[in-house]
Amino acid sequence: MLFRGLWPTRVHGGDLVPRQGAVLLASNHIGFLDGPMLVGVAPRFVHCLVKREMFRGPIGAVLRSAGQIPVDRGRGDRAALGRALDLLAAGEAVGVFPEGTRGRGDVGEVRQGIAWLALRSGAPVVPVACLGTRRTGESTHGLPGVRRRLDVVFGEPVELTAPAGVPGRVALAEASRTLRDTMAAHVRQAQEDTGQPLPEDHGWPPDEIARGEHL
């Protein structure tokens, strides 16, 4: 309802998301609304990894009841990764924002958790571009203006595999680089196809930068 009423949202490439079996949705991250938007418009139910700080009060209760997964971003959260791996083993869809925090959304780097999940589970990874949820000069904590057009663009699934005989850490690093490059290219193409620019800044308030909360 939110993404058909308050924010008219165009969904592109939804048919590229496998309707059955394990799949990882890997999205860029520019604004607060990206997570709810991905869950709301994806063509199948998605369990997203969400920063643990969000699991407080009424919002936390909603997230838990909706099957979302709390994750501690400050360390390698084995419990969160284990939960995600169990869901993939059960044939579910898991959503991840591999950049680790909201920023420009150009996927200049990714954390290795999603590559680890892909290698361990064998699940294909669908790159996703969330566009329009934040513009230059707007805070990552804010909401877009009502009736602003938003776009969610799903891409072709990619398979991440570990070559035989390659040490695990090397395979993980290579898979992460492949995913980073794939996602960055997908976001660039999505911008061109939709006419939606990325914000020119990272949207981090000065006090948040001082406390290191954007990391």
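Definitions and limits used
Residues numbered from 1 in each chain as written. Predicted model: local features only at pLDDT ≥ 70, side-chain atom pairs only at ≥ 80, totals over all residues. Heavy atoms only, no water. Patch = residues over 30% accessible without salt bridge, like charges linked within 9 Å, V, L, I, M, F, W, Y side chains within 5 Å. Areas by Shrake-Rupley, 256 points an atom, 1.4 Å probe, with all protein chains shown as cover. Salt bridge = Lys/Arg side-chain N within 4 Å of Asp/Glu carboxyl O. Helix = DSSP H or I, 4+ residues; strand = E, 2+ residues; numbered from the N terminus. Buried < 20%, exposed > 50% of the residue type's maximum accessible area, 1.4 Å probe, protein only. Axes fitted to C-alpha atoms, helices over the stretch in contact; angles between N-to-C directions. Parallel < 35°, antiparallel > 145°, perpendicular 65-115°, else oblique. Left-handed = near helix turned anticlockwise from the far one by under 90°. Contact = heavy atoms within 4.5 Å. Nonpolar A, V, L, I, M, F, W, Y, C, P; charged D, E, K, R; others polar. Pairing = 2+ DSSP bridges. Right-handed = clockwise from strand over helix to strand, strands pointing away.

Engineer: Please set out a nonpolar patch on the surface residue by residue, giving values where relevant.
Structural biologist: On the surface, a cluster of nonpolar side chains totalling about 260 Å² of accessible area is made up of Leu2, Leu6 and Val146. One can find Leu2 in the segment before β1 (9-12).

Engineer: Which residues make up the environment of Glu174, and what values go with them?
Structural biologist: Looking at where Glu174 falls in the secondary structure, it is placed in helix α5 (residues 168-194). Taking the relative accessible area as the measure of exposure, Glu174 reaches 41% and is therefore partly exposed. Distance from Glu174 to Val62, taken between C-alpha atoms, is 36 Å for residues 112 residues apart in sequence.

Engineer: Which residues make up the packing of helix α3 (residues 78-89) against helix α4 (residues 113-121), and what values do they have?
Structural biologist: It is the contact of α3 with α4, at a shortest axis distance of 10 Å, that shows an interaxial angle of 40 degrees. By the angle between their axes, α3 is oblique relative to α4. Crossing hand, α3 versus α4: right-handed. Facing α3, whose interface residues are Leu81, Ala84, Leu85 and Leu88, α4 presents Gly113, Trp116, Leu117, Arg120 and Ser121. Partitioning the contact of α3 with α4 into residue classes produces six nonpolar, two polar and one charged.

Engineer: Please give an account of the pairing of strand β3 (residues 46-51) that cites residues and values.
Structural biologist: Most of β3 is tucked away, with five of its six residues classed as buried. Where β3 lies against strand β5 (residues 93-96), three bridges are found, and the strand directions are parallel. Opposite Val46, over in β5, you have Ala93 as the bridge partner. Pairing between β3 and strand β4 (residues 69-71): three bridges, direction parallel. Bridging from a neighbouring strand, Lys51 pairs with Val71 of β4. Note that the unit made of β3, helix α2 (residues 57-65) and β4 has a crossover that is right-handed.

Engineer: Please provide a residue-by-residue account of the packing of α4 against α5, values included.
Structural biologist: Following both chains from N to C, one finds α4 and α5 inclined at 110 degrees, their axes separated by 9 Å at the closest point. Here α5 runs roughly perpendicular to α4, going by the angle between their axes. Crossing angle aside, the handedness with which α4 passes α5 is right-handed. Residue-level contacts link Ile114, Ala115, Trp116 and Leu119 of α4 to Ala171, Leu172, Ala175, Ser176 and Leu179 of α5. Classifying every residue of the contact of α4 with α5 gives eight nonpolar, one polar and no charged.

Engineer: An account of the pairing of strand β7 (residues 150-154) is requested, with residue identities and associated values reported.
Structural biologist: Summarising burial for β7: five of the five residues are buried, a large majority. The side-chain alternation of β7 yields two buried faces, one formed by Leu150, Val152 and Phe154 and the other by Asp151 and Val153. Here strand β6 (residues 125-131) runs beside β7; their pairing, made up of four bridges, is antiparallel. When the bridges of β7 are listed, Leu131 appears paired with Asp151.

Engineer: Provide a residue-level description of the environment of Ala80, including the pertinent values.
Structural biologist: Its location among the elements puts Ala80 in helix α3. Given a relative accessible area of 2%, Ala80 falls into the buried group. Residues Ala80 and Leu49 lie 31 residues apart in sequence; the distance between their C-alpha atoms is 7.6 Å. In this structure Ala80 touches Leu49, Ile69, Pro70 and Val71, once residues within four positions along its chain are discounted.

Engineer: Break down the environment of Gly95 for me, citing the residues and quoting the values.
Structural biologist: Within the secondary structure, Gly95 sits in strand β5. When its relative accessible area of 0% is taken as the criterion, Gly95 is described as buried. Here the alpha-carbon distance between Gly95 and Trp7, two residues 88 residues apart in the chain, equals 21 Å. Ignoring any residue separated from it by four or fewer positions in sequence, one finds Gly95 in contact with Leu25, Val46, His47, Cys48 and Leu49.

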